[in-house]
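Take a look at the letters that make up each chain.
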Protein chains: 2
Amino acid sequence: METRPKVTIDDVARTAGVAKSTVSRIINNAPGVKPVTRLKVNRVIEELGFTPNIVARSLKTKLRRQIALAIDDIRNPYYPELAWGAEQVAKQNNFRLVLINHYGNPSEELAVIKEASDMHVDGIVLLSISHPKTLSKIIKKANVPVTLIGNYEDDMPADTVGLRENEGYMAMDHLIRIGRRRIAYAGNMTVHRGARYAAYEQSLASHFMEFDSALVYTGERLAIDTGLEAARYFYNLNEIPDAVFAANDLVAIGVVQGLIDLGLRVPEDVAVVGIDNIPWCNLTRPKVSSVSNLVAEMGRIAVERLLLRIDDEARAFERITLEPRLIVRESTVKQR
Amino acid sequence: METRPKVTIDDVARTAGVAKSTVSRIINNAPGVKPVTRLKVNRVIEELGFTPNIVARSLKTKLRRQIALAIDDIRNPYYPELAWGAEQVAKQNNFRLVLINHYGNPSEELAVIKEASDMHVDGIVLLSISHPKTLSKIIKKANVPVTLIGNYEDDMPADTVGLRENEGYMAMDHLIRIGRRRIAYAGNMTVHRGARYAAYEQSLASHFMEFDSALVYTGERLAIDTGLEAARYFYNLNEIPDAVFAANDLVAIGVVQGLIDLGLRVPEDVAVVGIDNIPWCNLTRPKVSSVSNLVAEMGRIAVERLLLRIDDEARAFERITLEPRLIVRESTVKQR
DNA sequence: CTGTTAGCGCATTCAG
DNA sequence: CTGAATGCGCTAACAG
């Protein structure tokens, strides 16, 4: 760039014949400036194409109007949504978002917090994978506020916004509520520390429905082909299930596809529900019912909280827990 | 935060009993400091937990060590990869990435450039959707360098890194090279301004293969179900094609699934190739061959160029054009 | 209502 | 090799 000598507040003041404090007042919309002067100065600003140097301003005000979003890897399918939600709120408040991938590397993750004050950010939204104890220590040392995404104990010195981990129960509830009585499980036993599979067993139990191990299909990866295999497996049972609870949407998509290819009708013969509500749920025929974990929402709320705290550091830390949301589509309820 | 009074370079200088210029030299690894003093000061820095205030430094040096990545919407499936590639290089060079979504809103997109100098960034990687003429004008007015992602004319005052738009030809070439002679097309006629369909017709022509309109299946959306429909359509032809060129991976995935469900073997009976190389290509059985548009690579190169230019504004503008890369997987060539 | 003054925290001359 | 002084561009008292 031709390093066009950037015009400063002094230039404006000089050519307008006023003090730079007056210019400062004007560009900050401060009250107590005669309309005439304001007009005159504004004209000069326009002419010279002056825009305030935000770095200098930040040095003075300590406000950088930037927050960091630190996640492990933007390529993880949830994070674009998260980043998007976060950016929406940031933009509304005239803040920018700095993206930092820590790649699940604890030392790097902690470095992010440590360096934050030296970076151009006023706060951090952090999706951590570190041990809470360590995390807590580091956050205390930080000199910018941190909002954590996830569920934490009360003693964590940060605002947190997490998701209630009952997606599995919501999915099962849905199937039961639409009258299904022979519900199968497709996925693995370990997803989300086993919570989703546990939800399967416990939902059956709490509704006094019998558990039949023949209705559980576990595959290796939680991907489409596992779903396809599951469909074939269920099809060959003596008694075909009337519903399938899939551990995630990929599996659900596979199950739906597999069942249809085998000549069954979805949802009439078998209802299928997945979890995560990935965009793909809308791209299949029939569209797949799912439970949304509200990622964009989490991003939005996290930034909202962070901005509030930046504004007022003394507030009590908040614990926000979102409820997953059931998204009913064609794979469980016939629609037109 | 308890606004712990941040320790400054003065504090360090005072408690170490040296001038702050000496401290400055040390933290910047400048030569000409007696090892003893260096050691002593470093110890104090450690004790006090001093870290330089980057805002103040930026005010002085004019270097902010941040670049902006301006795209239309991070939720677009390509951008996470792009952002990832960009962030890799940025991080290596100790730069941060500021994420800006302009939502395909030209005025906002241009505002990004205008404001850039006021923001905490030293340059911008921009994926624009504005008219080149307008874009060119704005870039000239900007006071930070811009690197554009895309293909532009020589008069565009910015470095550019684009992709050669021959993905279609590469896909077709592959099918022809593995000996297929009855190649079908599945997708629509308009994707990428019709380039992909054009590649289908022209590849046939240049290889003296006959064009048969019965082998063209066009659906509405470029999604899985279109692929499934296409598979059914091809299956019902008098003579089934021995290969399918799908306009994108979603369609390809659908075609593969559909054909297999109809009892055909992929790739033995029908080879299928898609375009875009989305992560899902690896999640199906068989895995789907595709042509990668090297998104992460583009991000990497764009940032590399930008950093070079930030370093030396006088360099001639560069035009970089990447060649799409064919990724051969199981849907076209039997593997073990 | 407006001007003067004094830093924000650092890098960088220029003298010693 | 080190210290003292200056200013980056802006905001915020404090006076007028």
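Residues numbered from 1 in each chain as written. Chains lettered and ligands numbered in written order. Predicted model: local features only at pLDDT ≥ 70, side-chain atom pairs only at ≥ 80, totals over all residues. Heavy atoms only, no water.

As annotated in an unreviewed UniProt entry, chain A carries the name LacI family transcriptional regulator and comes from Paenibacillus radicis.

Draft legend 1. Main features of the relation of the copies chain A and chain B. In the superposition of chain A on chain B (RMSD 0.1 Å, axial shift 0.0 Å), the rotation amounts to 180°. The transformation just described matches what one would write down for a two-fold rotation axis. The rotation axis passes nearest to the C-alpha of V98 of chain A in chain A, at a distance of 2.1 Å. Looking at the interface residues of chain A, 96% of them are also at the interface in chain B, so both copies use one shared face. (Least-squares fit on C-alpha atoms with pLDDT ≥ 70 in both. Contact = heavy atoms within 4.5 Å.)

Draft legend 2. The UniProt feature "domain: HTH lacI-type" (unreviewed entry) in chain A, seen in detail. Here the UniProt-annotated "domain: HTH lacI-type" (unreviewed entry) positions come out as residues 7–61 of chain A. Taken end to end, residues 7–61 of chain A is 69% helix and 0% strand, and its first and last C-alpha atoms sit 21 Å apart. (UniProt positions renumbered as here; feature names shortened; annotations may be inferred. Helix = DSSP H or I, 4+ residues; strand = E, 2+ residues; numbered from the N terminus.)

Draft legend 3. Spotlight on the packing of aromatic side chains. One pass over the full model with this rule turns up 14 aromatic pairs over all chains. With a centroid separation of 5.1 Å and 80° between ring planes, the pair formed by Y185 of chain A and Y197 of chain A is classed as edge-to-face. Linking Y185 of chain A in strand β6 (residues 183–187) with Y197 of chain A in helix α9 (residues 195–206), this pair joins segments that are 12 residues apart in sequence. Relative to F211 of chain B, the ring of Y200 of chain B lies with its centre 6.4 Å away and its plane at 70°, an arrangement referred to as edge-to-face. Taken as a pair, Y200 of chain B in helix α9 (residues 195–206) and F211 of chain B in the loop between α9 and β7 (216–218) lie far apart in primary sequence, 11 residues in all. For Y200 of chain B, a relative accessible area of 0% puts it in the buried group. On the basis of relative accessibility, which here comes to 40%, the residue F211 of chain B falls in the partly exposed class. Aromatic ring contacts, followed pair by pair, group Y185, Y197, Y200, F211 and F245 of chain A into a single cluster. (Phe/Tyr/Trp six-rings, centres within 6.5 Å; stacked < 30°, edge-to-face > 60°. Buried < 20%, exposed > 50% of the residue type's maximum accessible area, 1.4 Å probe, protein only.)

Draft legend 4. How the structure looks around the sheet that holds strand β9 (residues 271–273) of chain A. Residue and element names in this part refer to chain A. Pairing is parallel across the open sheet formed by 4 strands, whose spatial order is β7-β6-β8-β9. Of all the strands in the sheet, the pair left with one neighbour each is β7 (216–218) and β9. Strand-to-strand, the axes of this sheet are offset by a mean angle of 15°, without reference to chain direction. The pairing of β6 with strand β8 (residues 243–246) spans 4 bridges and is classified as parallel. Pairing of A184 across the sheet is with V244, part of β8. Along the sheet, α9 contacts β6, β7 and β8; its crossing angle with β6, the most-contacted strand, is approximately 170°. The strands touched by helix α10 (residues 224–235) are β6, β7 and β8; relative to β7, the strand with the most contacts, the crossing angle is about 145°. (Pairing = 2+ DSSP bridges. Axes fitted to C-alpha atoms, helices over the stretch in contact; angles between N-to-C directions.)

Draft legend 5. Region of the structure containing the protein's contact with DNA strand D. Taken together, 28 residues are adjacent to DNA strand D, and I9, K20 and R57 of chain A together with R25 and T37 of chain B come closest. Sugar and phosphate atoms constitute 58% of the interface atoms of DNA strand D, taking the interface as everything within 4 Å of the protein. Contact between DNA strand D and K20 of chain A: a base nitrogen at 2.4 Å from a side-chain N or O atom of the residue. Residue K60 of chain B places a side-chain N or O atom 2.8 Å away from a base nitrogen belonging to DNA strand D. Secondary-structure elements contributing two or more residues to the surface near DNA strand D are α2 (20–27) and α4 (54–61) of chain A together with α2 (20–27) and α4 (54–61) of chain B. At 5 residues, α2 of chain A tops the list of elements feeding residues into the surface near DNA strand D. A breakdown of the residues in the surface near DNA strand D according to their chemical character gives 9 nonpolar, 11 polar and 8 charged. (Near = heavy atom within 4 Å. Polar contact = N/O pair within 3.5 Å; in protein donor to acceptor, adjacent residues only side chain to side chain. Nonpolar A, V, L, I, M, F, W, Y, C, P; charged D, E, K, R; others polar.)

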